[in-house]
Amino acid sequence: MIYLSQLLGNPVLDADGEKVGTVSDLGIATGEVFPRITSLAFMGPGRTPFMISWRKYVDTYDEHEVRLGVVSTDLRFSYLQPDEVLLARDILNKQIVDTHGMRVVRVNDLKLSDTSSTQLRLLGAEVGARGLLRSLHPALERVALRVCRAFGRPLPEKIIAWSYMDLVERDLSNVKLSVSHKTLDDMHPADIADIIERLDPRLRGQVFAQLDDEQRAGAMAEFDDDAMAVELMGGMNETDASRMLSEMDPDDAAELVSELDYDKAEKLLRLMGVQEQRAVRQLLGYREGTAGRIMTSEVAALPESSTVGDAVALLRGLDEGFESVRYVYLTDDEGRLSGVVTLGSLIVSEPDARLSDLATEDLVTASPEDDQEDVAEDIAKYNLLAMPVVNDEGRLLGIVTVDDALDVLEEEHAEDLRVAGGSADGEDSGHASTLIWLVRRNVWVALWALGAVALALAVGGRAAPAETLAAAAPLAVALVLADDSISYVTNFFLEHDPDDEDAPSMLGFAFKGIGIGIVLGLLVALVVAVLVRLPLFADGAAGAGGLGNALVTGGVAAAASTFVSFALTPVYLGVLRRRDEANKETSGFTLSLAAMLVAAAVFVAAALLLGGAMTTAVAGW
């Protein structure tokens, strides 16, 4: 086995041993499961690029040199064919789609296999750490392997076979992979959306443009990032964008159109078909975050006097793109919802059986103005596949399907995690993510260090370093408690809806926060009072009096800082609620950081004020 990184830069020698250049690239024929190396590109004298046939001219090769079978004067230049690509130029260090693992990766090296003395074939792309280290220098890979073995943790290769690779930075109209595995075009829309979201921004539009209208519509409905969906739509011409919207389910199309500016949205809606436009406009008439906005008007409904045969005929006549049918809904003579029949009941019943005899009349329904989260929770509670939405007169308007309910619950869960300071990303298992998690969870350490430095700069040389450190030590407790105050706020925010009549009042919350602040502040002061009575701070020890006074100063400042942190909890709660009403996301980590900065500022100010009243070494602050 040999790697592309081991060949690049090697000397190219002719049959007489004369150097004719250095290897710059290798060409492959893409129409094979394991593509053959077909061309050798090298840099000749005067940095002149050459390309020659690998099969015709290369005699031997290894990781040190490439030797040709003819003298330099017999070489003839060749050209890259339409079904060929260059490994270093077109694949190395580029993003590719791993169609087996459903992910986007970057190629760090390429693994080659010799099938004969001169024949080379591409096995796949190395996307792991070993390929990256090897491309920098082979010695780095060897050192990393030894270190990993010493710790009992092997460093395996991560190879993606060519048959599972789909290039994203080339026009593939002439590049076909002759394999039976799935390519990007054959993936589920959710997988396509996930891959496009992970691509570099400059590549998203290029990949999205390769899809047909149906694939675009399916992928667009699966995007988690609304801003990115709008950006991709902005790169399409209005006719294509309108045609794509027509392919989408009405609720998904309405959600996307609501993110566009008014003029753009109106242009696209006018270009849609009359029926699709009417369905989307109807949904846009409901407030965001309600059942009316996420319901679909595509409903299988029949009069209650219909038979099973009528229902089967209705289902057979539905368009292929019709919203998935789980139930057939029955309406009375005035159009009011009167019952529902499951598909299972239709299958086992005779064609002439009346639907009213099979129907369930004890229905769980929603109003179009109901909160979408409440509707989603009811769907989960009653194990429904869809919930009918009716107006005040009981007329059927549409249904909220279980997949839309799951999307709502997922969004609410992700928002709750962000508010609580967690992560909504399910890929936090990597080393980088672990490091970020550690930093986020222990940011108080950095703030404590900054607070100690600020205190030292404020007192200058008027206090010994040990005394300044003793005064700053209780700041760590104040910062941790400030972080806890935000946890207290976010838990209250997530558990109590302000519109709920049984929810505690803001005034009650404020008094409770002040009470907690007083109790915790006194507890901090009590702990410090116990610590200063230890032998380390006894008056008989050299300099102990100064250390004891400094610790007392820091303890009282920490108590004051803790009280302020919990006294401000109503302010933090008000910020969360106002941003939630404005549909703005709020990070719990950002709130915690703000609370800890306030706590550090209060601590330093209180320590400086108290330091002026202390005796011994701290009295000179």
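Computed from a prediction, not measured in an experiment: that's the story for all the values here.

Focus on the overall build of the chain
For the chain, the helix and strand inventory stands at 27 helices and 19 strands. Each of the 621 residues in the chain was classed as buried or not, and the buried ones make up 42%. Taking contacts inside the chain between residues at least 6 apart in sequence as the whole, the part at least 24 apart equals 63%. Approximately 31,500 Å² of the chain is accessible, and the part contributed by carbon and sulfur atoms is 54%.

Concerning helix H18 (residues 372–381)
For H18, the complete set of buried residues consists of Gln372, Val375, Ala376 and Ile379. All buried residues of H18 fall inside an arc of 100 degrees around its axis, so they share one side. Where H18 starts, the residue carrying a side-chain oxygen 2.8 Å from the main-chain nitrogen of Glu373 turns out to be Asp371. One or two residues past the end of H18 sits Asn383, with phi positive at roughly 55 degrees.

As for the packing of helix H21 (residues 443–459) against helix H23 (residues 475–495)
Look at H21 against H23: their axes get within 9 Å of each other, and the N-to-C directions meet at 140 degrees. By the angle between their axes, H21 is oblique relative to H23. Of the two possible hands of crossing, H21 and H23 adopt the one that is right-handed. Together, Trp444, Leu447, Trp448, Gly451 and Ala452 of H21 and Leu475, Ala476, Leu479 and Val480 of H23 make up the contact between the two elements. Considered class by class, the residues forming the contact of H21 with H23 number eight nonpolar, one polar and no charged.

Details of the packing of aromatic side chains
Applying the stated criterion across every chain, the model contains eight aromatic pairs. Seen from their ring centres, Phe208 and Phe223 are 6.3 Å apart, and the 45 degrees between their planes marks the pair as tilted. With Phe208 in helix H7 (residues 201–208) and Phe223 in the loop between helix H8 (213–222) and helix H9 (226–234), the pair connects residues that are 15 residues apart, well separated along the chain. For the pair Phe208 and Phe223, one class covers both residues: buried. Seen in terms of ring centroids, Phe492 and Phe509 are 4.5 Å apart; in terms of plane orientation they differ by 40 degrees. Their pairing is tilted.

Thoughts on the sheet that holds strand S16 (residues 327–331)
The strand order across the open sheet built from three strands is S15-S16-S17, with neighbouring strands paired in mixed fashion. Both edges of this open sheet fall to strand S15 (301–303) and strand S17 (337–342), since each of them pairs with a single strand only. Here the strands of the sheet are splayed against their neighbours by 30 degrees on average, with no regard to which way each runs. Where S15 and S16 come together, three bridges link them in parallel fashion. Its bridge partner lying in S16, Ala301 is registered against Tyr329.

Description of the pairing of strand S18 (residues 386–390)
Within S18, five of the five residues are buried, which leaves it mostly tucked inside the rest of the structure. By the alternation rule, side chains of S18 split into Ala386, Pro388 and Val390 and Met387 and Val389, which are all buried. Relative to strand S19 (residues 396–401), S18 runs antiparallel, the two being bridged by five bridges. If you follow Val390 over to S19, its bridge partner there is Leu396. In sequence, S18 turns back onto S19 through a hairpin of five residues, with Gly394 there showing a positive phi of about 90 degrees.

Looking at the confidence of the model for the chain
Chain-level pLDDT for the chain is 81 on average; 83% of the residues reach the 70-or-more range. Mean pLDDT in the chain bottoms out at helix H20 (residues 431–441), which sits at 51, and peaks at strand S2 (residues 11–13), which reaches 94. Confidence drops under a pLDDT of 50 for residues 425–435, and excluding neighbours within four residues, the segment shows six contacts in the predicted structure. Segment residues 613–621 is flagged for pLDDT under 50; beyond a separation of four residues in sequence, or across chains, it makes 25 contacts in the model.

Quick look at the environment of Val143
Residue placement: Val143 occurs in helix H5 (residues 138–150). With ten residues separating them along the chain, Val143 and Leu133 place their C-alpha atoms 9.6 Å apart.

Description of the packing of helix H11 (residues 250–257) against helix H13 (residues 274–284)
Between H11 and H13, the least distance of the axes is 9 Å, while the angle of their chain directions is 60 degrees. Here the hand of the crossing between H11 and H13 comes out right-handed. Here Pro250, Asp251, Ala253, Ala254 and Val257 of H11 come into contact with H13, specifically with Ala279, Val280, Leu283 and Leu284. Considering only residue class, the contact of H11 with H13 consists of eight nonpolar, no polar and one charged.

Quick look at the nonpolar core
Among soluble globular proteins, nonpolar side chains are generally buried collectively. Of all hydrophobic cores here, the largest spans 54 residues; its most connected members are Phe208, Met220, Phe223, Met244, Leu245 and Tyr329. Setting aside anything within four residues of it in sequence, one finds Phe223 in contact with Ala193, Ile196, Glu197, Phe208, Met228, Ala229 and Leu232. The next biggest cluster of nonpolar side chains, apart from the first, holds 33 residues, and it includes Phe42, Tyr61, Ile91 and Ala125.

Looking at the environment of Val598
Structurally, Val598 can be placed in helix H27 (residues 588–611). On the basis of relative accessibility, which here comes to 32%, the residue Val598 falls in the partly exposed class. Put simply, Val598 and Ala482 are 116 residues apart on the chain and 8.6 Å apart in space, counted from C-alpha to C-alpha. Contacts of Val598, omitting those with residues within four sequence positions, involve Leu568 and Tyr572.

Quick notes on the pattern of salt bridges
Two side chains with opposite charge may pair up if their charged atoms get near one another. What the rule picks out here adds up to 15 salt bridges. For the salt bridge of Asp90 with Arg89, the shortest nitrogen-to-oxygen distance reads 2.9 Å. Overall, the relative accessible area of 10% leaves Asp90 in the buried class. A relative accessible area of 43% means that Arg89 is categorised as partly exposed. Here Arg134 and Glu141 are joined by a salt bridge, their closest N and O atoms 3.1 Å apart. Like Arg134, the residue Glu141 is buried in the burial classification. Overlapping salt bridges bring together Asp109, Lys111, Arg130, Arg134, Glu141 and Glu157 as one network.

Conventions used here
- Residues numbered from 1 in each chain as written.
- Predicted model: local features only at pLDDT ≥ 70, side-chain atom pairs only at ≥ 80, totals over all residues.
- Heavy atoms only, no water.
- Helix = DSSP H or I, 4+ residues; strand = E, 2+ residues; numbered from the N terminus.
- Buried < 20%, exposed > 50% of the residue type's maximum accessible area, 1.4 Å probe, protein only.
- Contact = heavy atoms within 4.5 Å.
- Areas by Shrake-Rupley, 256 points an atom, 1.4 Å probe, with all protein chains shown as cover.
- Arc of directions from axis to C-beta.
- Polar contact = N/O pair within 3.5 Å; in protein donor to acceptor, adjacent residues only side chain to side chain.
- Axes fitted to C-alpha atoms, helices over the stretch in contact; angles between N-to-C directions.
- Parallel < 35°, antiparallel > 145°, perpendicular 65-115°, else oblique.
- Left-handed = near helix turned anticlockwise from the far one by under 90°.
- Nonpolar A, V, L, I, M, F, W, Y, C, P; charged D, E, K, R; others polar.
- Phe/Tyr/Trp six-rings, centres within 6.5 Å; stacked < 30°, edge-to-face > 60°.
- Pairing = 2+ DSSP bridges.
- pLDDT = per-residue confidence, 0-100.
- Core = buried A, V, L, I, M, F, W, Y, C linked by side-chain atoms within 4.5 Å.
- Salt bridge = Lys/Arg side-chain N within 4 Å of Asp/Glu carboxyl O.

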